[in-house]
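Examining the three-dimensional arrangement
Chain by chain, the residues:
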Amino acid sequence: MSKEKAVLAYSGGLDTSVCIKWLIEEKGLEVIAVIGDVGQKRQDLDFIQKKALATGASEALVIDMREEFVQEYLSKALFANALYEDKYPLVSALSRPVLVKHLVEVAEQYGASWIAHGCTGKGNDQARFEIGVRALNPNIQIIAPVREWDLLTRDAEIEWAQARGIPVPVTLASPYSIDDNLWGRTMECGILEDPWAEPPSEVFELTVDPEQAPDEPEYVTIGFASGLPVALNGNPMSFLEVIEALNRIGGAHGFGRIDMVENRLIGVKSREVYETPGALSVIAAHKALEELTLERDLLRYKHQVEQDWAAYVYDAKWFSPLKQALDAFLADTQTFVSGEVRLKFYKGSLRVVGRKSEYSLYDFDLATYGEEDSFDRDAAAHFVELYGLTTEVWARRQGRAQRPEQ
Ligand code: ARG
């Protein structure tokens, strides 16, 4: 009888390498490793593919998900100006669903009854993988070796790996847990677990220390069409290229570092450090253009939707009817979000210094205090009179009674 198959989300690191061997040895499964390219920097994907095969996977598929990640995932995050707890642009929370989609596709294609991931029981990613799989194909079973095995310490895991000939990377000297993709880089563990400790400079890769950044500011103009970046400094570019360029430029000016204590889905607070120069600058520019082009009530309402969207996506509900409906709302808001935004990077800071749009709702003649002023002041007086009417009636009848001392 042929073995049952498991499709494993493989990163090339120690955990998922041990997962391959463990699934084979402990569960008697055949393992198909899927290596998703979502724009992560550090790794040579061919090398990772060979490593998966050498560790015992029967297949190792490298899948380039970058374009899809940008079109289907980052675009929606940008429409939502998505920042979890007002800070974190959801780097990992956005990449998990695209990985899940491919894991499920591969499982269906190969007739695998299992999908496996290398997440621990403490994080958000386990929920994102598993709820994603259940949303896309509830017949597939999930297996989470790291949550199940009894290799409780890093040392025990290394020993287990070495005993089975799994190469243990030198990067293990680094105590940090890193995840990265086009949208940025996440760092946890080691000294970062102490929320009082300043992150050591060695943890940063995409950004220079702001103190070391150039003394000259750099200006960048981003062109948008219906909510998506289409040009940088006047040169037509894809969204993907714009993100890469902004990661480079923002990073060179020390912009994009985030240091926060965030609330994980499972109820634990954790100290997280991120560097996301591209994501934060494109979101800042997009927001500035929305300020100019979205009508007031829509803008206010959208802001609430944005916060819900970010929390929901963080909380592993990418594939869900509410999220889908919010996406439809957000997409509808983007029709006139076209124009240009000028950014200024300087020593760790980013400022929006200019914005323009052919759909701008900013009306100079209405806004100016100069000679061109066309605003009707009498109308304002009448408006304020009626607008304040309920307050006045309340004050006359009840307000005083509530404040007897006055
Ligand atoms: N705290 C972030 C999130 O939940 C980052 C998680 C990074 N994941 C990892 N396996 N290192 O989205």
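Residues numbered from 1 in each chain as written. Predicted model: local features only at pLDDT ≥ 70, side-chain atom pairs only at ≥ 80, totals over all residues. Heavy atoms only, no water.

**Observations concerning the packing of aromatic side chains**
Enumeration over the complete set of coordinates arrives at 12 aromatic pairs. Between Tyr73 and Trp318 the ring centres are 4.9 Å apart and the planes differ by 25 degrees, which places this aromatic pair in the stacked class. Of this pair, Tyr73 sits in helix H3 (residues 66-79) while Trp318 sits in the loop between helix H10 (296-314) and helix H11 (321-333), placing them 245 residues apart in sequence. A single burial state applies to Tyr73 and to Trp318, both of which are buried. Considering the side-chain rings of Tyr301 and Phe329, the 5.7 Å spacing of their centres and the 70 degrees angle between planes classify their relative orientation as edge-to-face. Residue Tyr301 is found in helix H10, and its partner Phe329 is found in helix H11; the two are separated by 28 residues along the sequence. An aromatic cluster is present here, built from Phe69, Tyr73, Trp309 and Trp318 joined pairwise through their rings. Across the ring face of Tyr314, the terminal group of Arg128 is positioned such that the distance to the ring centre comes to 4.9 Å. Residue placement shows Arg257 over the ring face of Phe204; its charged tip is 3.6 Å from the ring centre. (Phe/Tyr/Trp six-rings, centres within 6.5 Å; stacked < 30°, edge-to-face > 60°. Helix = DSSP H or I, 4+ residues; strand = E, 2+ residues; numbered from the N terminus. Buried < 20%, exposed > 50% of the residue type's maximum accessible area, 1.4 Å probe, protein only. Lys NZ or Arg CZ within 6 Å of the ring centre and 35° of its normal.)

**Quick word on the sheet that holds strand S2 (residues 30-37)**
Strand order in the open sheet made by the five strands is S3-S2-S1-S4-S5, with parallel pairing throughout. In the strand order of this sheet, the two ends are held by strand S3 (59-64) and strand S5 (141-143), each with one partner. With direction set aside, neighbouring strand axes in the sheet form an average angle of 25 degrees. The pairing of strand S1 (residues 5-9) with strand S4 (residues 114-116) spans three bridges and is parallel. Bridge pairing links Val7 to Ile115 in S4. Helix-sheet contacts for helix H1 (residues 14-27) involve S1, S2, S4 and S5, and the interaxial angle to S1 is about 165 degrees. (Pairing = 2+ DSSP bridges. Axes fitted to C-alpha atoms, helices over the stretch in contact; angles between N-to-C directions. Contact = heavy atoms within 4.5 Å.)

**Points about the sheet that holds strand S8 (residues 218-225)**
Read from one edge of the open sheet, five strands run S10-S9-S8-S13-S14, paired in antiparallel fashion. Looking at which strands have only one partner, the edges of the open sheet turn out to be strand S10 (235-236) and strand S14 (349-356). The sheet contact formed by strand S13 (residues 339-346) and S14 spans seven bridges and is antiparallel. Opposite Leu343, over in S14, you have Val352 as the bridge partner.

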